[in-house]
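# Report on the structure
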Amino acid sequence: MSRAVYIDIADDLRARIASGELRPGDDVPTEAELAERWQTSRGPIRNALAALRSEGLVETTRGRPARVVSVKATQAVDMSVPFTRWARDLGLEPGAQTQEVSLRRAAELAEPLGIAPEGQIVSVLRLRLLDGRPTMVERLNYTEDVGRLLFQVDTDAVSITEYLGSHGHPIVGVQHEIDAIAADERDAALLRVPQGTPLLRLSRISRDADGRVFEASQDRYLGDVVRFTVAGSGIAADGQYLRAVGG
């Protein structure tokens, strides 16, 4: 039995969405345009769009073309999960494109890392992808003794968090801070967005088993791809607010 044409149409549109060719907010080609391209009637086109709508990839409104919608991956903010493992748990394929790994003076990072300003740190700038789509820019900074391990490994091929953990530097304590930041020129180029686009910034301070800080990093996410969640248990019987717990 021959493969149904609507499956091929859905697969093609799904691939164009995954690659970023069709981004959230973009109109999908009209039924007429798709019918002409695939040399078919509008029935298979509508079936393909219905399949993508059921997957949450597009929305359809009477009188206008289907539109790509944002599918946000959820991440709890009060725990530390390596990007690679988090992506795979969501059924997505993680990717990494390292831009630089450098040894430099601590400067403004001296205080959070607990070293002298003239001391040296190892910094990593890395683009992270989900199913091939640019998602987040990592600006990782480590104390020199820990960071030097990264000169021995292909940082495109490993989870840095898991690699360092396996070499005696697991994250035992972590502090997160979330805010918004405008994409600078480097962020914009890597994420393929206009400069000034709002990004979600997750700043992280990581400690080892002895309580020593060895990492002070930032992850800058596209807000239309990722959302952060915290679940709380509300108000206690005595009227006191309770601490938020993992979501």
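No experiment lies behind these values; they were computed from the predicted model shown.

## Concerning the overall build of the protein
- Helix and strand counts for the protein come out as 8 helices and 12 strands.
- The contacts of the protein with a sequence gap of at least 6 include a subset with a gap of at least 24, amounting to 58%.
- Total accessible area computed for the protein in this model is approximately 13100 Å², and 49% of it derives from carbon and sulfur atoms.

## Some words on the environment of Gly168
- Within the secondary structure layout, Gly168 lies in the loop between α7 (160-166) and β7 (173-182).
- For Gly168 and Asp208, which are 40 residues apart along the polypeptide, the C-alpha to C-alpha distance reads 9.1 Å.

## Comments concerning the pairing of strand β8 (residues 198-207)
- Where β7 meets β8, 10 bridges bridge the pair, whose relative direction is antiparallel. From the neighbouring strand, Ile178 faces β8, where its bridge partner is Leu202.
- Where β8 lies against strand β9 (residues 213-222), 9 bridges are found, and the strand directions are antiparallel. Looking at the pairing, Arg201 lines up with Arg220 of β9.
- Hairpin connection of β8 to β9: 5 residues between the antiparallel strands, including Gly211 at a positive phi of 80°.

## A few points about the confidence of the model for the protein
- Of the residues in the protein, 85% reach a pLDDT of 70 or more, and the chain-wide mean stands at 85.
- Counting contacts from residues 232-237, a segment whose pLDDT is below 50, to residues more than four positions away or on other chains yields 10 contacts.
- Taken as a whole, residues 239-247 scores under 50 in pLDDT and shows 23 contacts with residues more than four places along the chain or in a different chain.

## Focus on the environment of Ala48
- Tracing the backbone through its elements, the reader meets Ala48 in helix α3 (residues 42-54).
- Excluding its chain neighbours within four sequence positions, the residues that come into contact with Ala48 are Tyr6, Ile9 and Ala10.

## Focus: the environment of Ala66
- Looking at where Ala66 falls in the secondary structure, it is placed in strand β2 (residues 64-68).
- With 36 residues separating them along the chain, Ala66 and Thr30 place their C-alpha atoms 7.4 Å apart.
- Contacts of Ala66, omitting those with residues within four sequence positions, involve Asp26, Asp27, Val28, Leu49, Glu59 and Thr60.

## A short note on the sheet that holds strand β4 (residues 94-105)
- What the 6 strands build is an open sheet, ordered β4-β5-β6-β9-β8-β7; its pairing is antiparallel. Looking at which strands have only one partner, the edges of the open sheet turn out to be β4 and β7. Shown here is a sheet whose adjacent strand axes are inclined to one another by a mean of 15°, direction ignored.

## Structural notes on the pattern of salt bridges
- Counting across every chain of the model gives 23 salt bridges.
- With a closest N to O distance of 2.4 Å, Arg64 and Asp27 form a salt bridge. Here the residue Arg64 occupies a position in strand β2, and Asp27 occupies one in the loop between α1 (5-19) and α2 (31-38), the gap between them amounting to 37 residues.
- For Asp27, a relative accessible area of 38% corresponds to the partly exposed category.
- Sharing partners across several salt bridges, the network here consists of Asp12, Arg16, Glu21 and Arg37.

## Some points on the pairing of β2
- Pairing of strand β1 (residues 58-61) with β2, which is carried by 3 bridges, proceeds in the antiparallel orientation. Directly across from Glu59, in β2, lies its bridge partner Arg67.
- Taken together, β1 and the strand that follows it, β2, pair antiparallel across an intervening segment of 2 residues, in which Gly63 is found at a positive phi of about 90°.

## Some details on α3
- Here α3 contains 13 residues, and its C-alpha end-to-end distance of 18 Å stays within 8% of the 18 Å for a straight helix at 1.5 Å per residue.
- Among all positions in α3, only Pro44, Ile45, Ala48, Leu49 and Leu52 are buried. Within α3, the buried residues cover an arc of 135° as seen down the axis, which keeps them to one side.
- The inward-facing, buried residues of α3 abut α1, α2, β1 and β2.
- Two residues or fewer after α3 comes Gly56, characterised by a positive phi angle close to 80°.

The rules behind these values
Residues numbered from 1 in each chain as written. Predicted model: local features only at pLDDT ≥ 70, side-chain atom pairs only at ≥ 80, totals over all residues. Heavy atoms only, no water. Helix = DSSP H or I, 4+ residues; strand = E, 2+ residues; numbered from the N terminus. Contact = heavy atoms within 4.5 Å. Areas by Shrake-Rupley, 256 points an atom, 1.4 Å probe, with all protein chains shown as cover. Pairing = 2+ DSSP bridges. pLDDT = per-residue confidence, 0-100. Axes fitted to C-alpha atoms, helices over the stretch in contact; angles between N-to-C directions. Salt bridge = Lys/Arg side-chain N within 4 Å of Asp/Glu carboxyl O. Buried < 20%, exposed > 50% of the residue type's maximum accessible area, 1.4 Å probe, protein only. Expected span 1.5 Å × (residues − 1). Arc of directions from axis to C-beta.

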